[in-house]
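An overview of the molecular structure
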Amino acid sequence: MLENEGVFEIQPKIPAFFKEELDEEQYESVIKSNGKSLIIAGPGSGKTRVITYKIAYLIYNDIKPENILLLTFTRAAAKQMIERVKNVTNMELNGMMAGTFHHFCNYILRVYASKIGFNNNFTILDSEDSKDLMKIARNEYCEKLGDYAKKIPKENVILKIISYSSNTLKSLRESILEISSFLIEYENDIEQIWIKYQELKKEINAMDYDDLLINTAMLLKSDKELLKYISKRYRYVLVDEFQDTNKIQLEIVEALSDYHKNLIAVGDDSQSIYSFRGARFENIKDFMDEKNVKLFKIQTNYRSTPEIVNLINDMIPTSSVKKHLNAKRKPYLKPTIIETFDDLEQSEAVIKIIDEKIEEGIEYNDIAILYRSHALSMSLQQKLDSKLIPYKLLSGKRFIETRHIKDILSFLKILYNPYDKISWIRVMKLFPGIGTKTAVRNYESIISNLSEGINILDIFDKLSNKKTKDIYELLTKIYKKRDDKPQNLINEIYENFYKEYSNLNYKNSRSRNMDIERFSEISSKYENTGKFLEDMTLSENIEVRPSDKNDKKDEITLTTVHGSKGLEWKVVIIISANPGDFPNGMAIKEKNLDEEERLFYVAITRAKDELYILKQTTGSTNPYLRNSFVFIKSENDFIKKISEDKVNKMRVGYL
DNA sequence: CATATAAAGTTTTTT
DNA sequence: ACTTTATATG
């Protein structure tokens, strides 16, 4: 260890059990990674184990937990790793920072918001809120343009382009050309709308998901003192899922490790599936090419049977760094490809597989069904419902994004940040006789009164008229309690207003009301509304089911491939592997097949024991794509790329 | 004129 | 299922 740049002046302490718990590759990457290091971890190779032991190793060598920063892709992953480190070391990890980039950036920005012209109670806009605000920006810009305005790209298109531009640090022009070159004639319009959008965010004291990253990067870049202060704290910066980081995230971690220069990145370039959000698997290649970067590879596969690994090795994405996985498990079954006539027969075939597996004694929990997009699971869901097979949806509309929950949240948001225009409009429109126009007018008078320094309760009183009386009465009531626990506020809103609104406006008000009651229960864990709101917008999965039922339900998992990241099941069933469905039709058109290859790779590497891949003779479920060029070309067909000897093929259904 | 209601489109992936 | 749009109503 003498050549190790003096990281440890004395001999490192390595507990004896490390040698027993880790294989040779894992051991090397735990013990020898320091300075700038890159660990390329194949699927099922024990990546979590390596990160866990790396942190444990640091702690055994007297690095304080508060001097370690772990950035992960999901908060759940961070939590899981912390728990595992606790188990390994038998120590509490007080002060250790672990979470997603967005959580970390939020943490920094709440402290230094004023340095970049924001108030520290800024609202975080989720994607729907961003879209609403972009729509306002677009409308304002389009106001005097007449018929031309109709041709200008819609808000979601503009958002996609500017988000890509910010995340890749590419110019607007370059971004338009890459994403949708045919829109290049609107470059100037898009630019103007973007500027407007930025101004609006400042006005309403809000940041979108991208801003959290951009503003943090900007802050660290512009303030050298601050950079030193923050980066001095983190003696070790560890980044998980490095293949899904974008340019700005790379900048951020390089800044954070600026002082101690210990940056350990872990990832697998073959599993990079978030390019639409600016993720660059090239971050891994670039990092590899840098001087003084120590490279480790862990390529033994402990997850899947040799038959599955055999297929995996065949399907390693062409864009990847060269690799080969070594199987460790005992032989079992070859993966199976099943062809059915259409998606109805496909659903029946899936049910048949499930029934067989249950018969064999496998639990529902051990089975997952993966697909490229939500829509592809619809007919299967109906079938599962009718057969009373229990299942859960991992991805899909987040609980927090359902209309009723967003409504309730909006009330809290305006109490916390009264400039939050999006939430104001949302809240006001809930009341009869008020549409967008009136809501905006009301918002504007509230803001102009606020800027004159008038107390908000007086404003409510002043602006109350026969149309708005109910709103302001309710708001006055909850505003007076705004320092209470968020649960009290939610209950107040629900009991005094939303319950009635829900019963009146929703056919399924019963289940929506139950959601709100559950939401109130979730909020009871929080003392502070601000913290509650941050967590709600930044944390991916809110456990919707009541917590008192501790016994884990036995159910099948249905999820998009994106949602399956990092997970594994004994039996994995991939449905609709048709050109146009998976690979996705848009991706084929945009010649973005590399990413689809990586997605397919992620999908098949989730399987431990059995893998089933289903396709249909009718081709894509989408009738628009069915007869198009996409359907015919075999280069777009994953199944055709699989060599015959690696799989069993079956034709199921009525002939 | 602004809102409410009925009809018609729409689906890649998500922190 | 859920949002956008066209038409009716107040």
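Analysis parameters
- Residues numbered from 1 in each chain as written.
- Chains lettered and ligands numbered in written order.
- Predicted model: local features only at pLDDT ≥ 70, side-chain atom pairs only at ≥ 80, totals over all residues.
- Heavy atoms only, no water.
- UniProt positions renumbered as here; feature names shortened; annotations may be inferred.
- Helix = DSSP H or I, 4+ residues; strand = E, 2+ residues; numbered from the N terminus.
- Polar contact = N/O pair within 3.5 Å; in protein donor to acceptor, adjacent residues only side chain to side chain.
- pLDDT = per-residue confidence, 0-100.
- Contact = heavy atoms within 4.5 Å.
- Near = heavy atom within 4 Å.
- Nonpolar A, V, L, I, M, F, W, Y, C, P; charged D, E, K, R; others polar.
- Buried < 20%, exposed > 50% of the residue type's maximum accessible area, 1.4 Å probe, protein only.
- Axes fitted to C-alpha atoms, helices over the stretch in contact; angles between N-to-C directions.
- Parallel < 35°, antiparallel > 145°, perpendicular 65-115°, else oblique.
- Left-handed = near helix turned anticlockwise from the far one by under 90°.
- Expected span 1.5 Å × (residues − 1).
- Pairing = 2+ DSSP bridges.

1. So, the UniProt feature "domain: UvrD-like helicase ATP-binding" (unreviewed entry) in chain A
Per the UniProt record, "domain: UvrD-like helicase ATP-binding" (unreviewed entry) is found at residues 20–305. The span residues 20–305 is 52% helix and 13% strand, and its two end C-alpha atoms sit 23 Å from each other.

2. Digging into the environment of N417
With respect to the helices, strands and loops of the structure, N417 is situated in the loop between helix 17 (403–416) and helix 18 (421–428). Spatially, the C-alpha atoms of N417 and T123 are 6.8 Å apart, while their sequence positions differ by 294 residues. A distance of 3.0 Å separates a polar atom in the side chain of N417 from the backbone oxygen of N205.

3. With respect to the confidence of the model for chain A
Low-confidence regions, as indicated by low pLDDT, have predicted coordinates that should not be scrutinised in detail. Summary statistics for chain A give a mean pLDDT of 86 and a share of 93% for residues scoring 70 or more. Per-residue pLDDT, averaged within each element of chain A, yields its smallest value for helix 29 (residues 629–632) (51) and its largest for strand 6 (residues 236–239) (96). For residues 546–550, every residue scores under 50 in pLDDT, and the model assigns this stretch 3 contacts once sequence neighbours within four places are set aside.

4. Topic: the protein's contact with DNA strand B
Contacts to DNA strand B come from 23 residues, most closely from R372, H374, G433, G435 and T438. The protein-proximal atoms of DNA strand B, defined as those within 4 Å of the protein, are 61% sugar or phosphate. One of the backbone N or O atoms of G433 is found 2.8 Å from a phosphate oxygen in DNA strand B. Residue N584 places a side-chain N or O atom 3.2 Å away from a sugar or linking oxygen belonging to DNA strand B. Broken down by element, the residue count for the surface near DNA strand B peaks at 3 residues, all from helix 19 (residues 436–451). A per-class count over the surface near DNA strand B returns 5 nonpolar, 12 polar and 6 charged.

5. Regarding helix 14 (residues 306–314)
Among all positions of helix 14, only E307, I308, V309, L311, I312 and N313 are buried. Where helix 14 is buried, its residues meet strand 9 (300–301), strand 10 (326–327), helix 27 (593–604) and strand 16 (607–616).

6. Thoughts on the packing of helix 5 (residues 101–112) against helix 24 (residues 529–538)
Contact geometry of helix 5 with helix 24 gives a least axis separation of 10 Å together with a crossing angle of 150 degrees. Between helix 5 and helix 24, the interaxial angle falls into the category roughly antiparallel. For helix 5 against helix 24, the interelement crossing comes out right-handed. Within the contact between the two elements, helix 5 uses H102, H103, N106 and R110 and helix 24 uses E534, D535 and L538. A breakdown of the residues in the contact of helix 5 with helix 24 according to their chemical character gives 1 nonpolar, 3 polar and 3 charged.

7. Topic: helix 6 (residues 127–142)
A rise of 1.5 Å per residue sets the reference length of helix 6, with its 16 residues, at 22 Å; its end C-alpha atoms lie 22 Å apart and thus fit the reference within 8%. By the burial criterion, the buried members of helix 6 are D129, S130, L133, M134, I136, A137, R138 and C142. Tucked inside the fold, the buried residues of helix 6 contact strand 4 (123–125), helix 7 (155–168), helix 9 (187–203), strand 5 (206–208), helix 17 and helix 18. With a side-chain oxygen positioned 3.1 Å from the backbone nitrogen of E128, the residue opening helix 6 is D126.

8. Thoughts on the sheet that holds strand 12 (residues 367–371)
Where strands meet in a sheet, backbone hydrogen bonds hold them as pairs that are either parallel or antiparallel. Spatially, 7 strands are ordered 13-14-12-15-16-11-17 in an open sheet, and the strand pairing comes out parallel. What marks the edges here is a single partner per strand, and that holds for strand 13 (391–393) and strand 17 (648–651). With strand direction ignored, the average angle separating the axes of adjacent strands in the sheet is 20 degrees. In terms of strand pairing, strand 13 meets strand 14 (residues 556–560) through 3 bridges, oriented parallel.

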